[in-house]
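# Fold and contact review
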Amino acid sequence: MLEILLTPLTEWTVNGIALWVVLLCCVGVFIASFIDAIGGGGGIISVPVYLMAFSGLPTYYVLGTNKVSSTIGTFFSTARFVKGGFVDWKLCLPGVVLAIVGSTGGTWLQHHTPDIILKYTLLVVLPVVAVITLRGRAWPDEPGDIDPRKRAIIVWCSALAVGVYDGYYGPGTGTFLMIAFIRLAKMDTRHAAGCTKVLNLSSNVGSLCSVLLSGYVCLGVGLICSAASVLGHYLGAGLAIKNGSKLVRPMVVLVLILLACKVGSEILFPEFWA
């Protein structure tokens with residue numbers, strides 16, 4: 001009886017990948033999406049999950065399939081923040097344009113400089129960012145006192161700068177935006193998260209279009225994992241809205257630690273990420 005129940009898991013395939021492997025991917029994608037909805041950086045978890053599942057396939061398929069599930073999931077977490085009134089469109093819309101411009105420039109830069117330079121730089125920068133995140137008072141649930149024009153300039157410059165990073169390397173983009181919006185632009189935690197989601201979703205949609213046109217994607221796997229991504233993003237966004245800085249701040253620190261581990265592993269074990 002047990003053998004009959006397990007047979008579909010081992011014999012059924014999706015895009016040539018065993019169903020049980022796809023279901024394990026769903027677990028990893030759910031965890032990644034839950035974290036991403038709260039503090040950003042979900043790709044730090046989901047990309048390695050897909051890498052292990054897609055062993056033997058070119059990395060392009062890993063990144064393309066990850067983009068399908070992450071984009072669909074991000075749409076739902078963004079929608080929760082928009083519905084809750086935590087998106088300042090006057091700040092976000094110009095930031096979307098600047099983030100896309102920065103991402104394009106970052107991609108060009110990636111093709112003209114060795115990425116090992118950024119990886120070593122991140123190993124130095126990440127501990128500093130973690131200290132900045134942890135020090136001082138808790139992240140605010142109310143906006144700080146700052147001139148609106150200065151806040152807008154900081155948000156837009158951050159969108160451009162982090163957009164360059166997103167195009168050049170990528171992991172932790174949402175986390176860096178959150179830190180910049182809260183620490184520099186003096187935004188409250190919920191509005192900072194909402195603005196971050198809008199910028200991330202815009203960038204993801206653009207990348208997803210490129211992925212679908214290129215054909216480097218296991219669409220069946222991506223769509224199945226999207227169900228887990230939607231659930232993770234929806235639940236994570238709900239908890240972030242409900243708990244504010246009490247939950248978001250420690251999750252951001254966790255993402256910074258995971259990102260440092262990822263960068264270190266890329267330097268020490270490059271064959272795994274190839």
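Refer to the structure above for everything that follows.
Read on for an overview of the structure. Given the structure is predicted, the values throughout are model-derived calculations rather than measurements. (Residues numbered from 1 in each chain as written. Predicted model: local features only at pLDDT ≥ 70, side-chain atom pairs only at ≥ 80, totals over all residues. Heavy atoms only, no water.)

Before going further, it helps to spend a moment on the pattern of salt bridges. Applying the stated criterion across every chain yields a total of two salt bridges. Two residues, K197 and D36, come together in a salt bridge whose shortest N-O distance is 3.8 Å. Of this pair, K197 sits in helix α9 (residues 189-214) while D36 sits in helix α2 (residues 19-39), and the two are 161 residues apart along the sequence. According to the relative accessible area criterion, D36 is buried, its value standing at 13%. (Salt bridge = Lys/Arg side-chain N within 4 Å of Asp/Glu carboxyl O. Helix = DSSP H or I, 4+ residues; strand = E, 2+ residues; numbered from the N terminus. Buried < 20%, exposed > 50% of the residue type's maximum accessible area, 1.4 Å probe, protein only.)

A cluster of nonpolar side chains, contributed by I116, I117, Y120 and L123, occupies part of the molecular surface with about 360 Å² of accessible area. Structurally, I117 can be placed in helix α6 (residues 115-134). (Patch = residues over 30% accessible without salt bridge, like charges linked within 9 Å, V, L, I, M, F, W, Y side chains within 5 Å. Areas by Shrake-Rupley, 256 points an atom, 1.4 Å probe, with all protein chains shown as cover.)

Below, the discussion takes up the side chain of S229. Tracing the chain through its elements places S229 in helix α10 (residues 219-243). For S229, a relative accessible area of 0% corresponds to the buried category. Setting aside residues up to four positions removed in sequence, S229 forms contacts with V29, S33, S69, S70 and G73. (Contact = heavy atoms within 4.5 Å.)

It is worth spelling out helix α8 (residues 173-184) at this point. With twelve residues, α8 extends 16 Å from end C-alpha to end C-alpha; this agrees with the ideal 16 Å at 1.5 Å per step. Here α8 has its buried residues at T173, G174, T175, F176, L177, M178, I179, A180, F181 and I182. (Expected span 1.5 Å × (residues − 1).)

Let's shift gears to the environment of G16. Here G16 is to be found in the loop between β1 (13-14) and β2 (17-18). Separated by 248 residues in sequence, G16 and G264 have C-alpha atoms that sit 32 Å apart.

Positionally, T107 belongs in helix α5 (residues 89-110). Residue T107 is classed as partly exposed on the basis of its relative accessible area of 29%. Sequence separation between T107 and D166 is 59 residues, and the spatial gap between their C-alpha atoms is 8.2 Å.

One non-glycine residue, K186, lies in the positive phi region at around 60°. For K186, the location among the structural elements is in the loop between α8 and α9. Since its relative accessible area comes to 31%, K186 is described here as partly exposed.

Next up on the list: the nonpolar core. If you look at the biggest cluster of nonpolar residues, it comprises 70 residues, and the most contacted ones within it are F176 and V221. The element contributing the most residues to this core is α2, with ten residues. Once residues lying within four places of it in the same chain are set aside, the contact partners of V221 are V14, N15, I17, V22, Y50, F54 and T65. (Core = buried A, V, L, I, M, F, W, Y, C linked by side-chain atoms within 4.5 Å.)

Next up on the list: empty space enclosed by the protein. Per the stated rule, a full pass over the model turns up one cavity of 30 Å³ or more. In this structure, the largest cavity occupies an estimated 70 Å³ of space. Around the largest cavity, the lining residues are A99, S103, A159, V162, G163, D166, T173, L177, L199, N200 and S203. Of all the secondary-structure elements, those providing two or more residues to the lining of the largest cavity are α5, α7 (148-168), α8 and α9. (1 Å grid on protein atoms, 1.4 Å probe; cavity = no way out; pocket = protein on both sides within 12 Å on 5 of 7 lines; lining within 4 Å. Points joined across faces, edges and corners; volume = space filled by probe spheres on them.)

The subject of this paragraph is the packing of helix α3 (residues 43-53) against helix α4 (residues 59-83). Running from amino to carboxyl end, α3 crosses α4 at an angle of 130°, the nearest separation of the two axes being 9 Å. In this view, α3 runs oblique relative to α4, as classed from their interaxial angle. The handedness of the crossing between α3 and α4 is right-handed. In this structure, α3 uses S46, V47, Y50 and L51 to contact α4, whose residues at the interface are T59, V62, L63, T65, N66 and S69. The class makeup of the residues in the contact of α3 with α4 is five nonpolar, five polar and no charged. (Axes fitted to C-alpha atoms, helices over the stretch in contact; angles between N-to-C directions. Parallel < 35°, antiparallel > 145°, perpendicular 65-115°, else oblique. Left-handed = near helix turned anticlockwise from the far one by under 90°. Nonpolar A, V, L, I, M, F, W, Y, C, P; charged D, E, K, R; others polar.)

It is worth spelling out the environment of G206 at this point. Relative to the helices and strands, G206 is located in helix α9. By relative accessible area, G206 is classed as partly exposed at 39%. Separated by 49 residues in the primary sequence, G206 and V255 place their C-alpha atoms 24 Å from one another.

Let us now look at the packing of aromatic side chains. All chains considered together, the criterion is met by six aromatic pairs. The interplanar angle of 90° and the centroid separation of 5.6 Å between the aromatic rings of Y61 and Y216 together place this pair among those described as edge-to-face. Of this pair, Y61 sits in helix α4 while Y216 sits in the loop between α9 and α10, placing them 155 residues apart in sequence. What makes Y61 partly exposed here is its relative accessible area of 23%. Within the aromatic cluster, the residues linked to one another by ring pairs are Y60, Y61 and Y216. (Phe/Tyr/Trp six-rings, centres within 6.5 Å; stacked < 30°, edge-to-face > 60°.)

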